[in-house]
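# Tertiary structure, described
This is what each chain is made of:
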Amino acid sequence: MKVTVIGTGYVGLVTGACLADAGNNVFCLDLDEKKIKKLNDGEIPIFEPGLEPIVQRNEQAGRLKFSTDIAASVAHGEIQIIAVGTPPSEDGSADMQHVIAAARNVGRLMEGYKVVVTKSTVPVGTADRVKQAIIEEHKKRGRGNDFSVVSNPEFLKEGAAVEDFMRPDRIIVGSDDSRAITLLRQLYSPFQRNRERIIVMGVRSAELTKYAANAMLAARISFMNELANLSEVIGADIEEVRRGIGSDPRIGYQFLYAGAGYGGSCFPKDVKALQRSAQEAGMPLKLVHAVEEVNEAQKHVLATKIRKHFGENLKGKTIALWGLAFKANTDDMREAASVALIDDLTRDGASVRAYDPAAREVAQSMLGKNPRLAIVDSAEAALEGADVLCIVTEWQEFRSPDFAAIKTKLKSLAIFDGRNLYDPAALKAQGIAYYPIGRRL
Ligand SMILES: NC(=O)c1ccc[n+]([C@@H]2O[C@H](COP(=O)([O-])OP(=O)(O)OC[C@H]3O[C@@H](n4cnc5c(N)ncnc54)[C@H](O)[C@@H]3O)[C@@H](O)[C@H]2O)c1
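These figures come from a predicted structure and were not determined experimentally.

Parameters at a glance
- Along each chain, residue indices are assigned from 1 in the same order as the chain's sequence is written.
- A pLDDT threshold of at least 70 governs which residues receive local features in this predicted model, and a stricter bar of 80 or more applies before side-chain atom pairs are shown or counted, although totals over entire chains, interfaces and linings include all residues.
- For the side-chain quantities, the full set of heavy atoms in the structure was used; hydrogens and water were omitted.
- Exposure classes here rest on a 1.4 Å probe applied to the protein chains alone. A residue is buried below 20% of its type maximum, exposed above 50%, and partly exposed in between.
- By definition, any uninterrupted DSSP run of H or I lasting at least four residues is a helix, any uninterrupted run of E lasting at least two residues is a strand, and each is numbered from the N terminus.
- Whether two strands pair depends on DSSP finding at least two bridges between them.
- We call a crossover right-handed when, viewed with the strands running away from us, the connection from the first strand over the helix to the second turns clockwise.
- One heavy atom within 4 Å of a molecule or strand makes the whole residue count as near it.
- For the purposes of these results, a polar contact is taken to be a pair of N or O atoms within 3.5 Å, where, inside protein, one atom must be able to donate a hydrogen and its partner to accept one; residues adjacent in sequence count only when each atom of the pair is a side-chain atom.
- For every accessible area listed, the method is Shrake-Rupley and the probe measures 1.4 Å; residues are considered covered only by the protein chains on display.
- Here a helix's expected span is defined as the number of its residues, less one, multiplied by 1.5 Å.
- In this analysis an axis means a line fitted to C-alpha atoms, helices contributing only their contacting stretch, and an angle means the value between N-to-C directions, from 0 to 180 degrees.
- Should any heavy atoms of two residues lie within 4.5 Å, those residues are counted as being in contact.
- For classification purposes, an angle smaller than 35 degrees is called roughly parallel, one larger than 145 roughly antiparallel, one from 65 to 115 roughly perpendicular, and anything else oblique.
- Rotating anticlockwise by less than a right angle from the far helix to the near helix defines a left-handed crossing, while the corresponding clockwise rotation defines a right-handed one.
- Note on definitions: salt bridges are taken to be side-chain nitrogens of Lys or Arg within 4 Å of carboxyl oxygens of Asp or Glu.
- Any two of the Phe, Tyr and Trp rings considered here, Trp counted by its six-membered ring, make a pair once their centres fall within 6.5 Å; the pair's planes then place it as stacked at under 30 degrees, edge-to-face at over 60, or tilted in between.
- Ring-over charges, as used throughout, are those where CZ of Arg or NZ of Lys falls within 6 Å of the ring centre and within 35 degrees of the ring normal.

Let's shift gears to the pairing of strand β9 (residues 318-322). When you tally the buried positions in β9, you get five out of five residues, the bulk of the element. Going residue by residue along β9, you find Thr318, Ala320 and Trp322 tucked away on one face and Ile319 and Leu321 tucked away on the opposite face as well. Summarising the sheet, β9 and strand β10 (residues 351-355) pair through five bridges and their orientation is parallel. Across the sheet, leucine 321 pairs through a bridge with alanine 354, a residue of β10. The β-α-β motif built from β9, the intervening helix α14 (residues 337-347) and the parallel element β10 has right-handed crossover chirality. Here four bridges tie β9 to strand β12 (residues 388-391), and the two strands are oriented parallel to one another. The residue bridging isoleucine 319 from the neighbouring strand is valine 388, located in β12.

Next up, the structure:
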């Protein structure tokens, strides 16, 4: 099938590459000339495991093209998938300007039937706005073409995006147009060979499903974080509690980890956008509001622990920081807990030596101006001259470090662990003061 993917970020690039890998002829459009140049030079602009060989083999096979040419992109695909960013506006609502701009381009230039698919995470009612934008463009041209707007939210996880796309748990198709539904069934048939994964529903339900899923996952994290903070006060251990409740199949083990607060490009903005839509609809969501409030507070828990350890004054202290990305296996630092922590520590007069296996370049462009922050090339280099070590991202390489070597480097033998990676008893035996989240020490 001929498919156009509009927006070549984490979602668009993975979508385009995986659809091409299934034999489709895919045209990826982006307005960012640098990104398209990189892709055409054989570079992958993001860190996403397994993506590079798929992009390469499909480009070589001529099934995957990258371009900034809007007219050519509209002409190419009968299916036009919008995967542009929907960042938060100042009031927390999702900024829809890129989605609407992409829809207008399609409306302005399309010939013949098109299915316009919103894969971006968008508030309920967006399909109507997309439809309206296309109709307005048709009116300007004095003629229109047949088209259908479908909501097809994406559920992939950064770090496992290729696997998630190739083997999705579900494929949500929000539409009541049988022609469009048939085309999407055909498009997704290679990705649901052992069982049917498509769930067809109303377009508004599809739009809400994406927000509901992210808000539910964020709620599990905030719930565990609140219980972790309580555990510290009353002498319980959140890891034991996690195992105790996770064993109930109605609850399950996934997404039950306490930590330094959730971040990333999705949960924070989607939780805010859902709240905003609910408010506008006159039906505020108290629970979702609390989820965000708890998370904002949780991002400062590590800094509070570090301040307490040093008797409140951090002037002249150096903190080694392991992990900058919002989670392991990505270079994405949007809303990462590390950003709030670095801000807290350096404002209080501390210096930070930070290392991340994938996010060094991203960190440099986001935080490089902070004179108290040094971004270094290895976990060992972060420890040079450091007083204490703090861990924010659960990269595999941090899970079993050489504690004896760490002990020779740190001036104050303490590890602050925002991911609960280590066994408190083992660290105690090493003579290292250990500050995890919600563990019994
Ligand atoms: N990142 C994730 O893990 C994830 C998962 C599921 C859903 N989503 C949703 O998918 C959408 C995209 O997220 P992302 O992380 O891929 O964003 P991103 O910021 O990485 O990429 C968006 C891309 O769209 C391009 N763009 C903007 N306007 C354009 C236009 N009019 N025409 C062509 N290109 C345009 C930008 O230049 C950018 O390269 C968002 O709505 C997000 O909420 C993201």
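Next, the rest of the story.
What follows is about the site of the ligand. Close contacts around the ligand come from 26 residues, with Asp30, Lys35, Thr86, Glu158 and Lys269 the closest. Within the contact set of the ligand, an oxygen atom lies 2.5 Å away from a side-chain nitrogen or oxygen of threonine 86. At a separation of 2.7 Å, a nitrogen atom of the ligand approaches a polar side-chain atom of glutamate 158. For the ligand, whose free accessible area comes to 840 Å², the fraction covered by protein is 89%.

Taking 1.5 Å per residue, 14 residues should reach 20 Å; helix α11 (residues 267-280) reaches 20 Å between its end C-alpha atoms and fits that length. Every buried residue of α11 is listed here: Phe267, Pro268, Lys269, Asp270, Val271, Ala273, Leu274, Gln275 and Ala278. Where α11 ends, the next residue or the one after it, glycine 282, has phi of about 75°, a positive value.

Overall, parallel pairing links the six strands, which are arranged β11-β10-β9-β12-β13-β14 in an open sheet. With partners counted over all chains shown, the strands left at the sheet margins are β11 (373-375) and β14 (433-435), one partner each. For this sheet the average axis-to-axis angle between neighbouring strands, irrespective of direction, equals 20°. Relative to strand β13 (residues 414-417), β12 is paired through three bridges, and the arrangement is parallel. What sits directly across from isoleucine 391, in β13, is aspartate 417. With respect to the sheet, helix α13 (residues 301-309) is in contact with β9, β12, β13 and β14, its orientation differing from that of β13 by roughly 160°.

A few words now on the packing of helix α9 (residues 203-234) against helix α10 (residues 238-246). One can describe the packing of α9 onto α10 by two numbers: an axis separation of 9 Å at closest approach and a directional angle of 135°. By the angle class used here, α9 and α10 are oblique. Crossing hand, α9 versus α10: right-handed. From α9, Met224, Leu227, Ala228 and Ser231 reach across to α10, where they touch Ile238, Arg242 and Ile245.

Okay, the side chain of lysine 299 next. As for its placement among the helices and strands, lysine 299 is situated in the loop between α12 (286-298) and α13. Lysine 299 gets classed as buried once you look at its relative accessible area, which sits at 6%. When neighbours within four sequence positions are excluded, lysine 299 is seen to be in contact with Ala260, Tyr262, Glu335, Ala337, Ala340 and Asp344.

A few words on the pattern of salt bridges. Here the structure, examined in full by the defined rule, presents 31 salt bridges. A salt bridge links arginine 141 to glutamate 111; the nearest nitrogen and oxygen atoms lie 3.1 Å apart. Of this pair, arginine 141 sits in helix α6 (residues 126-141) while glutamate 111 sits in the loop between α5 (97-109) and β5 (114-118), and the two are 30 residues apart along the sequence. Between glutamate 394 and arginine 419 there is a salt bridge, and its shortest N-O distance comes to 3.4 Å. With a gap of 25 residues between them, glutamate 394 in the loop between β12 and α17 (403-409) and arginine 419 in the loop between β13 and α18 (424-429) connect regions that are remote in the sequence. Overall, the relative accessible area of 23% leaves arginine 419 in the partly exposed class. When salt bridges with common partners are traced through the structure, they connect Arg104, Glu136, Glu137 and Lys140 into a single cluster.

The subject of this paragraph is the side chain of glutamate 207. Position of glutamate 207 among the secondary structure elements: in helix α9. There is a polar contact of 2.8 Å between the side chain of glutamate 207 and the backbone nitrogen of alanine 127. Those residues within four positions of glutamate 207 in sequence are excluded, and the remaining contacts are Val122, Pro123, Val124, Gly125, Thr126, Ala127 and Ser151.

Tallied over the entire structure, the rule returns 11 aromatic pairs. Pairing phenylalanine 416 with tyrosine 435 gives two aromatic rings, centres 4.4 Å apart and planes at 5°, and the pair type is stacked. Of the two residues, phenylalanine 416 sits in strand β13 while tyrosine 435 sits in strand β14, which places them 19 residues apart along the sequence. Using a relative accessible area of 24% as the deciding quantity, one classes tyrosine 435 as partly exposed. Every member of this aromatic cluster is reached through a ring pair, and the members are Phe165, Tyr188 and Phe191. The lysine or arginine in question, arginine 179, covers the ring of tyrosine 113, its NZ or CZ lying 3.5 Å from the ring centre.

By themselves, these figures tell us nothing about what the structure is for.
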